[in-house]
Each structure stands twice: as structure tokens, then as C-alpha cells.
Amino acid sequence: MGIADVVRGIETRANRRGMRKKSEQGWVPEATGYTGYGSSQRAHVLGRVLMAQHTEPQTLVMRGYRQFFTTQVPGIDVLVRLGDAEVHSKTNANGYIDVLLAGHNLEPGWHEAEISVVGNGAFPDQEPVTAPVHIIADHTKVGLISDIDDTIIVTMLPRAALAAWNSWVKKTNTRQPIPGMDEFYAALLEDDPNAPVFYISTGAWNTYDTLVSFIEKHHLPRGPLLLTDWGPTPTGLFRSGQEHKKVQIRNLFIEFPEINWILIGDDGQHDPLIYGEAIFEHPDRIKQVAIRRLSPQEHVLSHGTTSALSQPEHYPNTPTISGRDGHELLRQWRAQESGESPSDI
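Summarised in this report is the structure supplied together with it. Just so you know, these numbers come straight off a predicted model, no measurement behind them.

This next bit is on the pairing of strand β6 (residues 109-117). Pairing between strand β3 (residues 77-82) and β6: four bridges, direction antiparallel. Residue pairing across strands places Val80 opposite Ile115, the latter belonging to β6. Where β6 lies against strand β7 (residues 129-135), seven bridges are found, and the strand directions are antiparallel. Within β7, the position partnered with His111 by the bridge is Val133.

This is the structure:
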């Protein structure tokens, strides 16, 4: 038995005790809906079920660490409805819901799914909650895939101490945006404001609500967040952030075979390498790459050296730009669109 198995077993037993204690105190399972997505044929509805207490007012402004002290409810029955489609399912071992509904018969645009926790004798049925779902038109040709940490929001991952300070100690309404990224994204979407935008991050699902509020507050485009779950896995003590991003990008390529993607990230982690691999595997699916360059000081805080872990590359046959913030990326993009060499501006 490996250390990951031991830690996972401890986590499971601690969560089981937490469920029992909170149930005795009157807490009940409650669903939270995450932003889903789909096509005219089928849609993904995402969410999670956690133990919740309704006697205390809920607020999004809190110390970051409070987002992570949750008790998930595994293996509980849920009913998911979207348009004409309905699915009965169960939460997974960490309380998550990820169901695929076919035959919803909805028009392209934003819709709401309903997630209901089904009572089992220990507690009654719970009122349904809604989860936004973006149904993407079949004729859509362009979409955006964006990183979050140090691409749209100042996070300085993966350096553990600073990441912990930004994620756990700072209040959730004090996170700072990367300057100019809202203008850059708006320009990219100017010709098709309804083009899909996906945010892929190694950040935890526990931060979902505050990230959605951040995106709305700073006028960034609305879109599904594809996050991850921190903690041990069947194969290791920690999840691979690189593998998470690679898998999610591949899934979107498969789900939407007609879309060409603009990939946006930063050089603080491994986005240039991940995007390069995506181009190598699917050279006809990438329209453009944009990489935000961190400053030497940001690199030191992020990973301990003054240079990037992986340098922004100019990929063969794929237009590529890089800049220190959204303003510089926007200038580079406009120069490229007008036929100039971005290095000439």
C-alpha cells in the first residue's frame, strides 16, 4: 500500500466522521451547480453536493482558507434536468456531479439545468438548485481556451508559500486582475460575442464561486470553469496539473470538432509546452496562441528563478503572440491582424 492510499483512506474516514457529526447538528446535503456546456445533441451538467447549514448567512467575501473546509457527500442520489432531458445519477467519491444529457432540445445560448438531491430516509428531498449551461451553436467556428492563474488573475502559482497566501489568507474579494486582459478578450470576441470561452485551471473547485465573481467583476467573458480537485489520487499524492489541462483540452477538441481554438496562457508554469503539444497532436485545430510573460520578479515568486520554466514559442504554422499584460497582447494581436510583424510595433 502506497502513501497515497494511506492519505486517501485518512481523508475518506475524516470526511465520513464529518458527515455524521454535521448530520447530527442538523446539516443536510446541498447541491451546488457549476457552469456546464454542450452542443445541440448533448450537454454536460456539472456540480457538487456538500453538507450545508442554512442558519448562517452565506457570503462570498471571506478568508480564502474557508473555501476549503467542506464536507463532501459521496454516492448520494441526484436528479438532473435540462430542457427535455432528465438523468438520475450519483455523486462520485468526492461529491462531484458530471452527467451527460442527450436530447435536451434547447436552442444555442445560456440555459439553466436543475440539480436535485434525492432524499434517502435520513433526510428529505432537497429543493433543486440551478446550474448555468452554455449550449454552443453547431455552426460555431472559433472558441477561446484560457488559463486562470497569472493569466487573468494574479496568483503566482505554483510556489507553495505564496500560492497558499493568495488562496488561503487573502480575502476572496481582494484578488487582482492582470491589466488589460478584459480588453484583449473583448477584442478577440468582437466578431462573435457568443463564441465559447473555457477557463482551464489547476485550481480547486472550492474556489469556483469566487472565480465566477472575479470574472464578472472584471468584465471578462462568461464561460465554464474546468477546475480540479486537490488531494491524493489512485496513482499519487498530488494530481498532475499539466495532465489535467491536457485532458480537458483534448476533451474540448473531441466535443466540438468544428471549432478552431485560441489558446491563452502564461509562461509561469508549463502552458507553452502544453499548448505546443496540443498543436503537435492537432495542428488543424489551433487558430492562435497568446502567452502572457511574467516579469522576473513574478517568476522568482512563482517558481524561484528569474526566467520562465518554458519559453513562449513560435509554433510552426500557428500565429503566436506574447506580452507582459493584456494591453501588450492586444497591441501584438492588432499588429498581427493588420499584417505587421508584432516585433515591429
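With that out of the way, let us pick up the nonpolar core. In globular proteins that are soluble, nonpolar side chains generally tend to be buried together. Counting 53 residues, the largest nonpolar core has Ile152, Phe184, Tyr185, Tyr199, Leu252, Trp261 and Ile264 as its most contacted members. A per-element tally of this core places helix α3 (residues 181-188) first, with five residues. Not counting chain neighbours up to four residues away, the residues in contact with Phe184 comprise Ile264, Ala290, Ile321, Gly326, Leu329, Leu330 and Trp333. With 23 residues, the next largest nonpolar core counts Met51, Ile76, Phe123 and Ile135 among its residues.

Strands sit in the order β4-β3-β6-β7-β1-β2-β5 across an open sheet of seven strands; the sheet is mixed. Both edges of this open sheet fall to β4 (85-90) and β5 (96-102), since each of them pairs with a single strand only. Strand-to-strand twist in this sheet, taken as the mean axis angle between neighbours without regard to direction, amounts to 25°. In this structure, strand β1 (residues 28-38) lies alongside β7, joined through three bridges in parallel fashion. Residue pairing across strands places Gly36 opposite Val133, the latter belonging to β7.

Once that is clear, we can look at helix α5 (residues 241-255). Taking 1.5 Å of rise per residue, the 15 residues of α5 would be expected to cover 21 Å, and the 21 Å separating its terminal C-alpha atoms lies within 8% of that figure. Within the sequence span of α5, burial applies to His244, Lys245, Lys246, Gln248, Ile249, Leu252, Phe253 and Glu255.

Moving on: the pattern of salt bridges. Close approach of charged atoms lets side chains of opposite charge pair. In the structure shown here, the tally under the stated rule is 12 salt bridges. Its salt-bridge partner being Glu255, residue Arg42 comes within 3.1 Å of it at the nearest N-O pair. Here Glu255 lies in helix α5 and Arg42 lies in strand β2 (residues 42-52), a separation of 213 residues in the sequence. For Arg42, a relative accessible area of 33% gives the class partly exposed. A single salt-bridge network, built from bridges that share partners, covers Glu243, Lys246, Arg250, Glu277 and Glu281.

Our next topic: the packing of α5 against helix α6 (residues 271-281). Between α5 and α6, the least distance of the axes is 10 Å, while the angle of their chain directions is 35°. Taken as a pair, α5 and α6 cross one another with a handedness that is right-handed. Judged by residue contacts, Gln242, Lys245, Lys246, Ile249, Arg250 and Phe253 of α5 engage Asp271, Ile274, Tyr275, Glu277, Ala278 and Glu281 from α6. Within the contact of α5 with α6, the residues separate by chemical class into five nonpolar, one polar and six charged.

Applying the stated rule across the entire model yields nine aromatic pairs. Look at Phe184 and Tyr185: their rings are 6.0 Å apart centre to centre, the planes differ by 80°, and that puts the pair in the edge-to-face class. Since its relative accessible area comes to 0%, Phe184 is described here as buried. Against the face of Trp110 rests Arg222, its NZ or CZ located 3.8 Å from the ring centre.

Thresholds, definitions, all that
- Residues numbered from 1 in each chain as written.
- Predicted model: local features only at pLDDT ≥ 70, side-chain atom pairs only at ≥ 80, totals over all residues.
- Heavy atoms only, no water.
- Pairing = 2+ DSSP bridges.
- Helix = DSSP H or I, 4+ residues; strand = E, 2+ residues; numbered from the N terminus.
- Core = buried A, V, L, I, M, F, W, Y, C linked by side-chain atoms within 4.5 Å.
- Buried < 20%, exposed > 50% of the residue type's maximum accessible area, 1.4 Å probe, protein only.
- Contact = heavy atoms within 4.5 Å.
- Axes fitted to C-alpha atoms, helices over the stretch in contact; angles between N-to-C directions.
- Expected span 1.5 Å × (residues − 1).
- Salt bridge = Lys/Arg side-chain N within 4 Å of Asp/Glu carboxyl O.
- Left-handed = near helix turned anticlockwise from the far one by under 90°.
- Nonpolar A, V, L, I, M, F, W, Y, C, P; charged D, E, K, R; others polar.
- Phe/Tyr/Trp six-rings, centres within 6.5 Å; stacked < 30°, edge-to-face > 60°.
- Lys NZ or Arg CZ within 6 Å of the ring centre and 35° of its normal.

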